[in-house]
Number of protein chains: 2
Amino acid sequence: MSVKMDETFRCVTCTAPVNIAVIKYWGKRNEKLILPTNPSLSVTLGQDELRAKTSVAFSSKYTEDRMWLNGKEESVSSQRIQNVLKEVRRRVRKRGAPGGGNEVDTSRHIHIVSENNFPTAAGLASSAAGYACLVYSLCKLYGVQGEISDIARQGSGSACRSIYGGYVLWKTGDLMDGTDSFAEQVAPESHWPEMRSLICVVSDQKKHVGSTEGMQTTVLTSELMQHRVDGVVSQRTDDMIEAIMARDFPTFAKITMQESNQLHAVCLDTYPPIFYMTDTSRLIVRLVHAINDVLGDIKVAYTFDAGPNACLYLLKEDVPRVMGLLRHFFPPAQRNGEPFVTGLPVDELPVTESDLAGISLPQSEGAIKYVIHTKVGPGPQVVTDPSESLIDADGSPKQKSS
Amino acid sequence: MSVKMDETFRCVTCTAPVNIAVIKYWGKRNEKLILPTNPSLSVTLGQDELRAKTSVAFSSKYTEDRMWLNGKEESVSSQRIQNVLKEVRRRVRKRGAPGGGNEVDTSRHIHIVSENNFPTAAGLASSAAGYACLVYSLCKLYGVQGEISDIARQGSGSACRSIYGGYVLWKTGDLMDGTDSFAEQVAPESHWPEMRSLICVVSDQKKHVGSTEGMQTTVLTSELMQHRVDGVVSQRTDDMIEAIMARDFPTFAKITMQESNQLHAVCLDTYPPIFYMTDTSRLIVRLVHAINDVLGDIKVAYTFDAGPNACLYLLKEDVPRVMGLLRHFFPPAQRNGEPFVTGLPVDELPVTESDLAGISLPQSEGAIKYVIHTKVGPGPQVVTDPSESLIDADGSPKQKSS
């Protein structure tokens, strides 16, 4: 990975995962450095189903920094992109990259090409995967060593958690400069191999309040938010880590649901109030509680971020039965042949009369567009096969990616 | 009103109003006595549009206590009805009714006939009006003097606020026996004659969690609830009383909206979560905030109780414009000739281009079923015209009332 003085073109391609928080990040104590008001904890999902892929290249031929996202050129002038580029280049100069020649490296312009393997519009955590992938790729390109999740954090807060696989804690930190607010792995994906996720894509509508603006307003106006930060989240984080280490699913699931509901509660307590969950989201919540009642134990958990989509966590053994119930209560509308369930295969079980007897909920056809079945996955990966690169030799996006 | 020994039949008919809280009652510190965790404050609405009407009679001929609600006979054995009957009779014996002969009075069986002038199913505060009317009527029947709102409280908590007109405070109280948890009038309806209300009836579906059970679960499981009780509501109550006394509508409206949102926030923070607002409720919330933005000041407030219906508060001068906007964004569906707006007349203003330019919301036809236009009203009233009685001479409901 050494960077030579005479190198005129260099390209690195990496992938990074999506993460879905079970202890929620909502609220910054420092907007510029993106420092959170409380710790958060997330599960990193499998990259076969959900990942960002980014190629970064520098070349003496490039006349300016340029970036293409999902086939469309975007400005690199956004504050967050600049934060990330500046911080990576600062570390190259500070630490010195292998082989030296730092000024040459960091003075060269770069091209960035990135794309997701899932619809950005689906309202899944695309910015976390995107910034994690950008930072990881740049650090590989420049040979930056050491902790990098704090760089990803400066692009998008939750991106710092996508730097690791498995179960990941983002520490609040105490320092004003944010150097102690980074992510660390609580347990690798191999720790709890039975864990699965069913992501129910409810809507691809744009949310009416962005999460950056939303959490800002919550911190400023919600009387309940400060109590959540001071009196609730830290204890829940400790309990959650304990549940994960003990593979205690009912406790993991209950805290996950309580956290999701409290996030949306403080959003509702915001002035003006912020709503992300829809009637369909609420039907999913009621179905999950009804399923747990029928099964006599907490077997499924839901969590919602700044949008109406549900992420369900459950164990492998319960996927067939739960998927059958999901399909029964949310009969798929015709999607011109596209499958209702994508990702890992499911041996779906037909619903039983006794299950249905215990669940008094309406069926709502088409309310869930499709379901992504995935599991817990690893952190960012370097893609070694050059044919997988998104950038061609002259530094523009390969056609396939546009 | 004196009760004579030789009296064999006596009948009293009264009406009582609905009240809609602007500082919300949610949570009991004593389930049996119905003592609240926090103070609440409500606005008593006009009885021409919303009222309960109750006739109570005793007779030496009656062989048992009987009750008819909205034309249907109901058991009087429910705990809450019994609480009220026992407490009223206890006070008659304790204080002695004018003319004495108490044992005769209270040993006689009574018949109760009650009906509302609005659909109970509409999810408006019918139990508050109903219990207030029952208690007020019984006290008139037996000649019970003094504070009676604490009797109504033991039938249905919020009923104690319907014992008074105008703006009414229900004090939390400190005593274990609840004798200091009663309602008192903050200001009469004449204090702020411009105040109006538009009740948007969204749905007549039964709510999925009753408020009695719901507030119980919230107190037991919501981590935010205790902070609301300890750290938020009392200050808001003081601020609200100040705003009412000063006729400061923007402050009155903002606290009203924050209170409504916080009530539903603690419901969402409950485990399992409780939802009362629907997508239509949320559209109304967004429309109200959008209208206030367009008008450049807070001119309308919404509040939601344990159901999806919105109660809007606004001043008389703004009703025509707001009603026009409500009709534009919620075009009425055909209701076989029934009017979209009932109650007080409205000189509805057509919407202007400039208003619409500032409001980016979808139109949803039929989402609001109808609107009740009313104002602030007085407390319970005695109906003197005998033809208005709901009980006929032999003690059964008059036919018209069934």
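Residues numbered from 1 in each chain as written. Chains lettered and ligands numbered in written order. Predicted model: local features only at pLDDT ≥ 70, side-chain atom pairs only at ≥ 80, totals over all residues. Heavy atoms only, no water.

- Taking an unreviewed UniProt entry as the reference, chain A is identified by name as Diphosphomevalonate decarboxylase belonging to Aplysia californica.
- According to its UniProt record, chain A has this under Pathway (unreviewed entry): "Steroid biosynthesis; cholesterol biosynthesis."
- UniProt lists a comment for chain A under the heading Catalytic activity (unreviewed entry), and it reads "(R)-5-diphosphomevalonate + ATP = isopentenyl diphosphate + ADP + phosphate + CO2". (UniProt positions renumbered as here; feature names shortened; annotations may be inferred.)

## Thoughts on the packing of aromatic side chains
All names here are of chain A.
So, step 1. What the rule picks out here adds up to 18 aromatic pairs over all chains.
So, step 2. Aromatic pair W192 and F249: ring centres 6.4 Å apart, planes at 80°, arrangement edge-to-face. Taken as a pair, W192 in the loop between strand 11 (183-187) and strand 12 (195-201) and F249 in helix 7 (residues 249-268) lie far apart in primary sequence, 57 residues in all.
So, step 3. W192 sits in the buried class, given a relative accessible area of 2%.
So, step 4. Taken together, the aromatic side chains of Y167, W192, F249, F252 and Y313 make up a single cluster linked through ring pairs. (Phe/Tyr/Trp six-rings, centres within 6.5 Å; stacked < 30°, edge-to-face > 60°. Helix = DSSP H or I, 4+ residues; strand = E, 2+ residues; numbered from the N terminus. Buried < 20%, exposed > 50% of the residue type's maximum accessible area, 1.4 Å probe, protein only.)

## Some remarks on the packing of helix 1 (residues 79-95) of chain B against helix 3 (residues 126-142) of chain B
Residues and elements named next belong to chain B.
So, step 1. Running from N to C, helix 1 and helix 3 cross one another at 25°; their axes reach a closest spacing of 10 Å. Judged by the inter-axis angle, helix 1 sits roughly parallel to helix 3. Helix 1 and helix 3 meet at a crossing whose hand is right-handed. Seen from helix 1, the contacting residues are R80, I81, V84, L85, V88, R89 and V92; seen from helix 3, they are Y131, L134, V135, L138, C139 and Y142.
So, step 2. Here the contact of helix 1 with helix 3 is composed, by residue class, of eleven nonpolar, no polar and two charged. (Axes fitted to C-alpha atoms, helices over the stretch in contact; angles between N-to-C directions. Parallel < 35°, antiparallel > 145°, perpendicular 65-115°, else oblique. Left-handed = near helix turned anticlockwise from the far one by under 90°. Contact = heavy atoms within 4.5 Å. Nonpolar A, V, L, I, M, F, W, Y, C, P; charged D, E, K, R; others polar.)

## Brief notes about the interface of chain A and chain B
So, step 1. Contacts between chain A and chain B engage 31 residues on the former and 31 residues on the latter.
So, step 2. Of the roughly 2700 Å² buried where chain A meets chain B, counting both sides, 65% is carbon and sulfur surface.
So, step 3. In this structure, the connection of chain A to chain B is made through four salt bridges.
So, step 4. The closest approach of N and O atoms between R236 of chain A and E223 of chain B, which form a salt bridge, is 3.5 Å.
So, step 5. The element contributing the most residues to the side of chain A that touches chain B is helix 7 of chain A, with nine residues.
So, step 6. Its residues placed into classes, the side of chain A that touches chain B shows 14 nonpolar, nine polar and eight charged. (Buried area = accessible area lost by both parts, 1.4 Å probe. Salt bridge = Lys/Arg side-chain N within 4 Å of Asp/Glu carboxyl O.)

## Some words on the relation of the copies chain A and chain B
To go from the first copy of the chain to the second, apply a rotation about an axis and then a shift along the same axis.
So, step 1. Laying chain A over chain B is done by rotating through 180° and shifting 0.1 Å along the axis; what remains is an RMSD of 0.1 Å. Between the two chains, the operation in question is that of a two-fold axis. Ranked by how close their C-alpha atoms come to the rotation axis, the residues of chain A are headed by A265 of chain A, at 2.1 Å.
So, step 2. In this assembly, 100% of the residues forming the interface of chain A have copies in chain B that are likewise at the interface, indicating an isologous arrangement. (Least-squares fit on C-alpha atoms with pLDDT ≥ 70 in both.)

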